[in-house]
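What follows is the residue order along each chain.
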Amino acid sequence: MNRRNALKGLGLSIGYTIATPTIISMLQSCKTEADLWVPTFFTLDEGIVIKNLIDLILPKTQNIPGALDVNVPEFLDLYISKTYNELKQKKYKEGLTAIMKALPVTKKGVSDLETKNYDTLLAKYLKISKEQQLTYRTYDDEKDPKNEDAIIFQALNNLRSSSIWAFKTSEQIGENVLAYDPIPGSQKGCIPLSEATGGKAWSL
């Protein structure tokens, strides 16, 4: 199945709650031009890496905009800086640091990295067996603080989940890609999703 088509039917079962008005407002405020974005929480290098990873996770297609088109990296940067407490921010930074170390960054810096470098990293950690995923998900950083593979997996998995959540929450995707009805009509139970929305998940 095409991963972009799969997104149309993807529910919010990725560990994130329904977006509140405050979060939606925050997302809609992230309309900075890509070249002008100055990260708040991320460093400039981390921002570059995050954007490249998110672009591979949710790329633009012929019919649907990508995560970069709806400013997902900018939103995540603002969301983390505004809503995460000090402990959560510290743990997020540890994951970012591990990701940066796993990439083949030369003296020229992250701007010298190629798409294949990011793709290789994502494939190594996100295209693994369910058994290995379970091992990484249940990893205890207090008992085994040097398990870099588990740290990187959790960081990338969190990035993927939060990116999908932010992507689906954006106005452009919510109204133009997902099933959207600002004034719902009568409730019809026990009918297939294909009949109700053409197979699309509802925009929340």
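Please refer to the structure placed before this passage.
What you see is a predicted model, and the numbers here were worked out from it, not measured in a lab.

Cut-offs applied
- Residues numbered from 1 in each chain as written.
- Predicted model: local features only at pLDDT ≥ 70, side-chain atom pairs only at ≥ 80, totals over all residues.
- Heavy atoms only, no water.
- Helix = DSSP H or I, 4+ residues; strand = E, 2+ residues; numbered from the N terminus.
- Contact = heavy atoms within 4.5 Å.
- Areas by Shrake-Rupley, 256 points an atom, 1.4 Å probe, with all protein chains shown as cover.
- Phe/Tyr/Trp six-rings, centres within 6.5 Å; stacked < 30°, edge-to-face > 60°.
- Buried < 20%, exposed > 50% of the residue type's maximum accessible area, 1.4 Å probe, protein only.
- Expected span 1.5 Å × (residues − 1).
- Axes fitted to C-alpha atoms, helices over the stretch in contact; angles between N-to-C directions.
- Parallel < 35°, antiparallel > 145°, perpendicular 65-115°, else oblique.
- Nonpolar A, V, L, I, M, F, W, Y, C, P; charged D, E, K, R; others polar.
- Core = buried A, V, L, I, M, F, W, Y, C linked by side-chain atoms within 4.5 Å.
- Salt bridge = Lys/Arg side-chain N within 4 Å of Asp/Glu carboxyl O.

Peer 1: What should I look at first to understand the overall build of the chain in this one?
Peer 2: A count of helical and extended segments in the chain gives 10 helices and 0 strands. For the chain, the N- to C-terminal ordering of α and β elements is α-α-α-α-α-α-α-α-α-α. Sequence separation of 24 or more characterises 71% of the internal contacts of the chain that already satisfy a separation of 6 or more. Accessible surface, the chain as shown: approximately 12300 Å² in total, 52% of it carbon and sulfur.

Peer 1: What is the right way to read the packing of aromatic side chains from this model?
Peer 2: Given two aromatic rings, their pairing is described by the distance between the two centres and the angle made by the two planes. With the rule as written, the count across this model stands at 9 aromatic pairs. Centre to centre, the rings of F41 and Y92 are 6.0 Å apart; their planes meet at 75°, and the pair counts as edge-to-face. One end of the pair, F41, is in the loop between helix 2 (21–28) and helix 3 (44–57); the other, Y92, is in helix 5 (residues 86–102), and 51 residues separate them in sequence. The two residues F41 and Y92 agree in class, both being buried. Here the aromatic cluster, defined as three or more aromatic residues joined through ring pairs, consists of F41, F42, F75, Y79, Y84, Y92 and W165.

Peer 1: It is not clear to me how helix 4 (residues 72–83) should be interpreted in this structure. Could you clarify?
Peer 2: Taking 1.5 Å per residue as the helical rise, helix 4 with its 12 residues ought to reach 16 Å, and the 16 Å between its terminal C-alpha atoms agrees with that figure. When you tally the buried positions in helix 4, you get 9 out of 12 residues, the bulk of the element. If you check which residues of helix 4 are buried, you get V72, P73, E74, F75, L76, D77, L78, Y79 and I80.

Peer 1: Is there a simple way to explain the packing of helix 4 against helix 8 (residues 148–169) in this structure?
Peer 2: Put simply, helix 4 and helix 8 touch, their axes get as near as 10 Å, and they point 110° apart. If you check the angle between helix 4 and helix 8, you find them roughly perpendicular. On helix 8, the residues that touch V72, F75, L76 and Y79 of helix 4 are L159, S162, S163, W165, A166 and F167. Its residues assigned to classes, the contact of helix 4 with helix 8 shows 8 nonpolar, 2 polar and no charged.

Peer 1: Whenever I open this one, the nonpolar core confuses me. Can you help?
Peer 2: Note on soluble globular proteins: their nonpolar side chains tend to be buried together. Ranked by internal contacts, the top residues of the largest apolar core, which has 45 residues, are L53, I99 and L156. Elements represented by at least two residues in this core include exactly helix 3, helix 4, helix 5, helix 6 (115–126) and helix 8. The leading source of residues in this core is helix 8, at 11 residues. For L156, the residues in contact, after removing those within four places along its chain, are L53, I99, L121, L122, Y125 and L126.

Peer 1: Can you help me understand the pattern of salt bridges in this one?
Peer 2: Should the charged atoms of two oppositely charged side chains come close, the side chains can pair. For the structure on display, the rule yields 3 salt bridges. One salt bridge connects E94 with K90, and the closest N-O pair in it is separated by 2.8 Å. Here E94 pairs with K90, and both are found in helix 5, just 4 residues apart, close to one helical turn. E114 is paired through a salt bridge with K116; the nearest N and O atoms lie 3.7 Å apart. Overall, K116 belongs to the exposed group, its relative accessible area being 55%.

Just geometry here; none of it tells us what the structure is for.
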